[in-house]
Amino acid sequence: MRNLIKFFIKNSFIFLFLLLEFFAFWMLVINNNYQSSSYFNSSNYLVGNFYSSISNIGYYFNLKDVNRQLADENARLQSESIESYIKIYGKIFQIKDTSYLQSYSYSTAKVVNNTTNKRQNYITLDKGKLNAIEPEMGVICPEGVVGIVKNVSNQFSSVMSVLHDKNKMSAKIKKSGYFGSLVWNGNNYREAQLIDIPNHVKLVVGDTVVTSGFSSIFPENILIGTIKEFELPEGNNFYDITIEFSVDYKKLSHVYIIKSLLKEEKQRLEQTSQETKE
Amino acid sequence: MIRNYFTYLFMFILLVMTQSLLLNNIEFGGFINPYLYILLILALPFETNENLLLIIAFFLGLSIDIFNSTLGIHTSATVFMAFCRKYILKIISPRDRYDFDAKPNIQYMGVSWYMIYSIILTLCHHLFLFYVETFSFSQFFSTLARVLLSSVFTLILILISQLFNYNPNVRK
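Computed from a predicted model, the values in this text were never measured in an experiment. (Residues numbered from 1 in each chain as written. Chains lettered and ligands numbered in written order. Predicted model: local features only at pLDDT ≥ 70, side-chain atom pairs only at ≥ 80, totals over all residues. Heavy atoms only, no water.)

Caption draft 1: Representation of the nonpolar core within the structure. If you look at the biggest cluster of nonpolar residues, it comprises 60 residues, and the most contacted ones within it are B:Leu54, B:Trp113, B:Tyr114 and B:Tyr117. Sort the elements by how many residues they give to this core and helix α6 (residues 111–134) of chain B lands first, with ten residues. Contacts of B:Trp113, omitting those with residues within four sequence positions, involve B:Phe46, B:Leu89, B:Ile92, B:Tyr98 and B:Pro104. In this structure, A:Val145, A:Leu194, A:Phe218 and A:Tyr249 belong to the second largest nonpolar core, which totals 47 residues. (Core = buried A, V, L, I, M, F, W, Y, C linked by side-chain atoms within 4.5 Å. Buried < 20%, exposed > 50% of the residue type's maximum accessible area, 1.4 Å probe, protein only. Helix = DSSP H or I, 4+ residues; strand = E, 2+ residues; numbered from the N terminus. Contact = heavy atoms within 4.5 Å.)

Caption draft 2: Local environment of the pattern of salt bridges. Throughout the structure, instances matching the rule amount to nine salt bridges over all chains. Here A:Asp72 ties to A:Arg68 by a salt bridge, and the two come within 3.4 Å at their closest N and O atoms. Residue A:Asp72 and its partner A:Arg68 are both found in helix α3 (residues 45–80); the two are separated by four residues, about one turn of the helix. As a salt-bridge pair, B:Arg146 and B:Glu133 come within 3.9 Å of each other at their nearest N and O atoms. Linking B:Arg146 in helix α7 (residues 140–164) with B:Glu133 in helix α6, this pair joins segments that are 13 residues apart in sequence. In this structure, B:Arg146 and B:Glu133 share a single accessibility class: buried. (Salt bridge = Lys/Arg side-chain N within 4 Å of Asp/Glu carboxyl O.)

Caption draft 3: Structural context of the interface of chain A and chain B. Each partner contributes to the interface: chain A provides 31 residues, whereas chain B provides 39 residues. Approximately 3,300 Å² of surface area, both sides summed, lies buried where chain A meets chain B, with 65% of it carried by carbon and sulfur atoms. Summed over the three residues of chain A that lose the most area to chain B, namely A:Phe13, A:Asn117 and A:Arg119, the buried surface amounts to 23% of that side. In this assembly, chain A and chain B are joined by three residue pairs in polar contact (both at pLDDT 80 or more). Looking at the side of chain A that touches chain B, the elements with two or more residues in it are α2 (12–33) and α3 of chain A. Top contributing element to the side of chain A that touches chain B by residue count: α2(A), with 13 residues. Here the side of chain A that touches chain B is composed, by residue class, of 17 nonpolar, ten polar and four charged. (Buried area = accessible area lost by both parts, 1.4 Å probe. Polar contact = N/O pair within 3.5 Å; in protein donor to acceptor, adjacent residues only side chain to side chain. Nonpolar A, V, L, I, M, F, W, Y, C, P; charged D, E, K, R; others polar.)

Caption draft 4: A look at the sheet that holds strand β1 (residues 104–114) of chain A. Residues and elements named next belong to chain A. Strand order around the closed barrel formed by six strands is β1-β2-β5-β4-β3-β12, with antiparallel pairing between neighbours. Between one strand axis and the next, the sheet turns by 45 degrees as a mean value, whatever way the strands run. Relative to strand β5 (residues 157–164), strand β2 (residues 120–125) runs antiparallel, the two being bridged by five bridges. By the bridge assignment for β5, Thr-124 is matched with Ser-158. (Pairing = 2+ DSSP bridges. Axes fitted to C-alpha atoms, helices over the stretch in contact; angles between N-to-C directions.)

Caption draft 5: Structural detail: the sheet that holds strand β6 (residues 169–173) of chain A. Residue and element names in this part refer to chain A. One closed barrel accounts for six strands, arranged β6-β7-β8-β11-β10-β9; its pairing is antiparallel. When the angles between neighbouring strand axes are averaged without regard to direction, this sheet yields 40 degrees. The pairing of β6 with strand β7 (residues 179–183) spans four bridges and is classified as antiparallel. The partner of Lys-172 across the bridge, within β7, is Phe-179.

Caption draft 6: Examining the packing of helix α3 (residues 50–68) of chain B against helix α4 (residues 73–91) of chain B more closely. Residues and elements named next belong to chain B. Where α3 contacts α4, the two axes come as close as 7 Å, and the packing angle between them is 155 degrees. Relative to α4, α3 is oriented roughly antiparallel. Considering how the two elements wind past one another, α3 and α4 form a crossing that is right-handed. Contacts between α3 and α4 involve Glu-50, Leu-53, Leu-54, Ala-57, Phe-58, Leu-60, Gly-61, Leu-62, Ile-64, Asp-65 and Asn-68 on the former and, on the latter, Ile-73, His-74, Thr-75, Thr-78, Val-79, Ala-82, Phe-83, Arg-85 and Lys-86. (Parallel < 35°, antiparallel > 145°, perpendicular 65-115°, else oblique. Left-handed = near helix turned anticlockwise from the far one by under 90°.)

Caption draft 7: View of α6(B). Taking 1.5 Å per residue, 24 residues should reach 34 Å; α6(B) reaches 34 Å between its end C-alpha atoms and fits that length. Count one or two residues on from α6(B) and you reach B:Phe135, which has phi positive near 60 degrees. (Expected span 1.5 Å × (residues − 1).)

Caption draft 8: Here's a closer look at the pairing of β5(A). All names here are of chain A. Counting buried positions along β5 gives eight out of eight residues, so the element sits mostly inside the fold. The pairing of strand β4 (residues 144–152) with β5 spans five bridges and is classified as antiparallel. Within the sheet, the bridge partner assigned to Val-149 lies in β5 and is Val-159.

If you want it as structure tokens, here you go:
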């Protein structure tokens, strides 16, 4: 026993090293598997507040761009609003139409921290549990898709960006309606890959890629980007497509968080039909 | 002696702040990112207790991780670097051991010694960091390119930081 203790004391350096490394890897694995249970990330109170006070300074430099974006957005919404349409057919045109049911609601948030240079990029927003933000909500900005909320604390939320190597998003080609999966290989923050598009689809460089709306995290037809280049590898049934994002993720400052009002109903239905099949 | 502790504590805070507020926003070509915070491990005095060094490295990496929400990645790499430092110092020690009042910086040890010392340890750290981050060897060469390019930028920053406390009038 004494020899054993002596042995440990003599080699304390190596054992301490192994212990600390073991601890570090343990954190790494836990953090990857259970994103929601992790507390030590930038959505925690201290770090979140710190980042938000620092980023307040940076906002003044972006104001010009933000104003332009908001003005563009307003103009687009104005042109889509019911007042800007004239009545052509029919006698009754109700604005509050009961045949429509609102299925998504939006709230705004400010980006307080953002990275684009890692393989797994996260964005921190200044809205959290107190603002009724929950995990699995979609996040978009006026120019396109941004990501999905992963963790929330009381006042902050941490968003898994589209620029994340485990991110897989259902996307479709707007013109033809064929859908595939959007993945990011971690190399360039302006480009992503669209996979699972079969080889008989006709593609043109510049085609618009939008969200498919299948996951009910994002509404349908939210812009993702445009096709930059594509090729058909020999002996393969699917295209290799490179997409250029419509959003410059380095300039992100104001975003919208999407709450899907019908998601639970849809998931419950899908689950029951799966269970009855088994 | 107490003053020394405060110097290093101040350096710890300054480096963590610089790294998370300034350097994490610097990206050359989209993914090359300098990691200056390892300067603390390079700068701690020769006679630092080796176990204490590991623990300092652990907390340094942990604070960087908390700011980056990459829990465990920087911690493991920094601890590994502190582990290597002991053996690197042994290998590249001058013929008659380290002087009592010498510190591991350009001022005391000279440019060539410091270059070797910092290049080896930076590579140790960055290799470990980027391969743990990718967690596979499937993109071996693209990861290696990131390691080398990031190391170059980290080293440039480390050498610039050495000029801050370089005093040509004090001859060793």
